Amino acid sequence: MTPAFPELPAGFRFGAATAAYQIEGAHDEDGRGPSIWDTYSRTPGRTLDGATGDTACDHYHRYPEDVALLRELGVDGYRFSIAWPRVVPQGTGPVNPKGLDFYDRLIDELLAAGIRPAATLYHWDLPQPLEDRGGWRVRETAEAFAEYTAVVAERYGDRVERWITLNEPFCSAFVGYAVGRHAPGAQEGRGALAAAHHLLVGHGLAVRELRAAGAREVGITLNLDRLHAASDRPEDLAALRRAEVLHNEVWTEPLFSGRYPEHEAETWAGLADGPWREPGDLAVIGAPLDFLGINFYRPITIADAPHHTADPELRTAVDIGAAETDPYGARHTTMGWPVVPGALTELLCDLHDRYPRLPPVWITENGSAETDSVTPDGRVHDAERIDYLAGHLAAVADAVAAGVDVRGYYVWSLLDNFEWAYGYDRRFGLVRVDYETQTRTPKDSYHWYRGLITAHRARTEEPTR
Ligand code: IFM
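Each value, and the rule that gives it
Residues numbered from 1 in each chain as written. Predicted model: local features only at pLDDT ≥ 70, side-chain atom pairs only at ≥ 80, totals over all residues. Heavy atoms only, no water. 1 Å grid on protein atoms, 1.4 Å probe; cavity = no way out; pocket = protein on both sides within 12 Å on 5 of 7 lines; lining within 4 Å. Points joined across faces, edges and corners; volume = space filled by probe spheres on them. Helix = DSSP H or I, 4+ residues; strand = E, 2+ residues; numbered from the N terminus. Nonpolar A, V, L, I, M, F, W, Y, C, P; charged D, E, K, R; others polar. Pairing = 2+ DSSP bridges. Axes fitted to C-alpha atoms, helices over the stretch in contact; angles between N-to-C directions. Contact = heavy atoms within 4.5 Å. Polar contact = N/O pair within 3.5 Å; in protein donor to acceptor, adjacent residues only side chain to side chain. Phe/Tyr/Trp six-rings, centres within 6.5 Å; stacked < 30°, edge-to-face > 60°. Buried < 20%, exposed > 50% of the residue type's maximum accessible area, 1.4 Å probe, protein only. Lys NZ or Arg CZ within 6 Å of the ring centre and 35° of its normal. Near = heavy atom within 4 Å. Areas by Shrake-Rupley, 256 points an atom, 1.4 Å probe, with all protein chains shown as cover. Sits in = over half its atoms within 2 Å of the grid points.

Caption draft 1: Summary view of the layout of surface pockets. Computed from the structure, the largest pocket encloses a volume of approximately 600 Å³. In terms of lining, the largest pocket is formed by 31 residues, of which the most central are Cys171, Arg181, Arg298, Met335 and Trp337. Looking at which element gives the most residues to the lining of the largest pocket, the answer is helix α8 (residues 169-179), with three residues. Residues that form the lining of the largest pocket fall into these classes: 16 nonpolar, eight polar and seven charged.

Caption draft 2: Structural detail: the sheet that holds strand β3 (residues 116-122). In spatial order, the strands read β1-β2-β3-β4-β5-β7-β9-β10; together these eight strands close into a barrel with parallel pairing. Neighbour-to-neighbour, the strand axes of this sheet turn through a mean angle of 25°, independent of strand direction. Inspection of the sheet shows strand β2 (residues 77-81) paired to β3 by five bridges, in the parallel sense. Residue Tyr78 lies in a different strand from β3, and its bridge partner there is Pro117. Seen against the sheet, helix α16 (residues 444-460) touches β1 (13-17) and β10 (406-412) and runs at an angle of roughly 160° to β1.

Caption draft 3: A look at the side chain of Ser81. Here Ser81 shows up in strand β2. At 2.8 Å, the side chain of Ser81 and the backbone nitrogen of Ala20 are in polar contact. Among residues more than four places away in sequence, those in contact with Ser81 are Thr18, Ala19, Ala20, Glu24, Tyr103, Thr120 and His123.

Caption draft 4: Representation of the packing of aromatic side chains within the structure. What the rule picks out here adds up to 33 aromatic pairs. Ring centres of Phe170 and Phe174 lie 5.6 Å apart, and the angle between their planes is 50°; on these two criteria the pair is classed as tilted. Taken together, the positions of Phe170 and Phe174, both in helix α8 and four residues apart, correspond to about one turn of that helix. Measuring from centroid to centroid gives 6.0 Å for Phe418 and Trp420, while their planes differ by 75°, and the two rings are edge-to-face. Using a relative accessible area of 4% as the deciding quantity, one classes Trp420 as buried. One aromatic cluster is present, built from ring pairs that chain together Tyr21, Trp37, Tyr40, Trp124, Phe418, Trp420, Tyr424 and Tyr435. One Lys or Arg, Arg277, reaches over the ring of Tyr260 and ends 3.4 Å from the middle of that ring.

Caption draft 5: Geometry of the site of the ligand. With respect to spatial proximity, the complete set of residues near the ligand consists of Gln22, His123, Trp124, Asn167, Glu168, Tyr297, Trp337, Glu365, Trp412, Glu419, Trp420 and Phe428. One of the side-chain N or O atoms of Gln22 is found 2.7 Å from an oxygen atom in the ligand. In this structure, a nitrogen atom belonging to the ligand sits 2.6 Å away from a side-chain N or O atom of Glu168. If the ligand stood free it would expose 280 Å²; the protein chains cover 95% of that surface. More than half of the atoms belonging to the ligand lie within 2 Å of the grid points that define the largest pocket. Its residues assigned to classes, the shell around the ligand shows six nonpolar, three polar and three charged.

Caption draft 6: How the structure looks around empty space enclosed by the protein. Under the criterion given, the structure shown has five cavities of 30 Å³ or more. Here the largest cavity defines a volume of roughly 120 Å³. Taken together, 12 residues form the lining of the largest cavity, with Leu193, Ala196, Val250, Glu264 and Arg277 sitting closest to its centre. Elements supplying a minimum of two residues to the lining of the largest cavity: α9 (189-212) and α11 (264-268). Residues that form the lining of the largest cavity fall into these classes: nine nonpolar, one polar and two charged.

Below, the structure written as structure tokens:
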């Protein structure tokens, strides 16, 4: 049975999200420079089946069709990311006019379709020349990020409604520099901590540029996690504490409390206080924001694993993901993630209680990868995805009812796309993409989401006389 539409308040906004490297393709067209994901995905063994984003969904050429799908879906907003290497191919220095022109065309197409653009400035595609000079381990990258931000803020500031500086800096820093499962594929405890700090500084400097350019709404997107200990054994509780610092507080404390997290020392054996921190950084990082974007998919259970303790730096790395067990008894998506919508309500309520300075929240990503297939009637009957979305939207409604100021929700994702290390194997889209032909097929979840948006408007908008 199709789940009922969750009821969100009047003015609540619905959207869909994507990211540049995952959909654009055209990796070497019109002056785009290489990114760390081009390098990483071409390195044997890094991605499933050696997949790369070279072509992806060919959105660079097919964006009018994709915007038409968004218009038909009826969304208020679209969250996309700007590829830094398309705009500033070397990461710093000369700007590529053809790269800038592409996002001009995209933004104008969105506005003509009545869709409000939300632009993410960094969704993991660091220009390779910057990585060659140290990447996020060094402060120069944060400064280069501010320089690139100034260029795009000046160019699109009149039309972009919402700016997101960074997407999931936890993944950029820890999955990229400590675990090595994302580009640039490093495994360095110290490098990851420096990266986390420079990402935050880069965010703060970018906020400054956006404000100077008169940007409308400015925020950041974090993948905050609802974490539980696997048991009440002291070892598991200590592992949970480490994970809470690493997943959440590294970001939320400097952003919303103006300080570094407590208990860092026990997490990183003193490394957190590294030479990368400079006086004045906290003030830069903690500049007020108009919103916090949250990407949420599943809760995580943390257990201690004895081998984590071998190296205090790498213990940080190994704690991520490796120590998960699943006590929820929930259905799992094809990512292996348990479906527990109530964890989103808990996360939102906890943040609201904890941070008096918390700005309004947007759910900037939420969705599920499922084993979709096209049936003989030419449709994709993705009932599991509909269930997932209905459950999580109801969880957002519960948080709103409990007093959390959540303004909107973007489904991840509009299209099936390049799912990083999983290549094209995992499908998150409301629209199926046949990668051979680039045919787009709206799934049942697309039609369900459209129905939800229509019903929401009918229920909350004043009738016109
Ligand atoms: O595809 C990713 C996205 O790029 C960032 N957030 C999580 C999604 C699903 O794994």
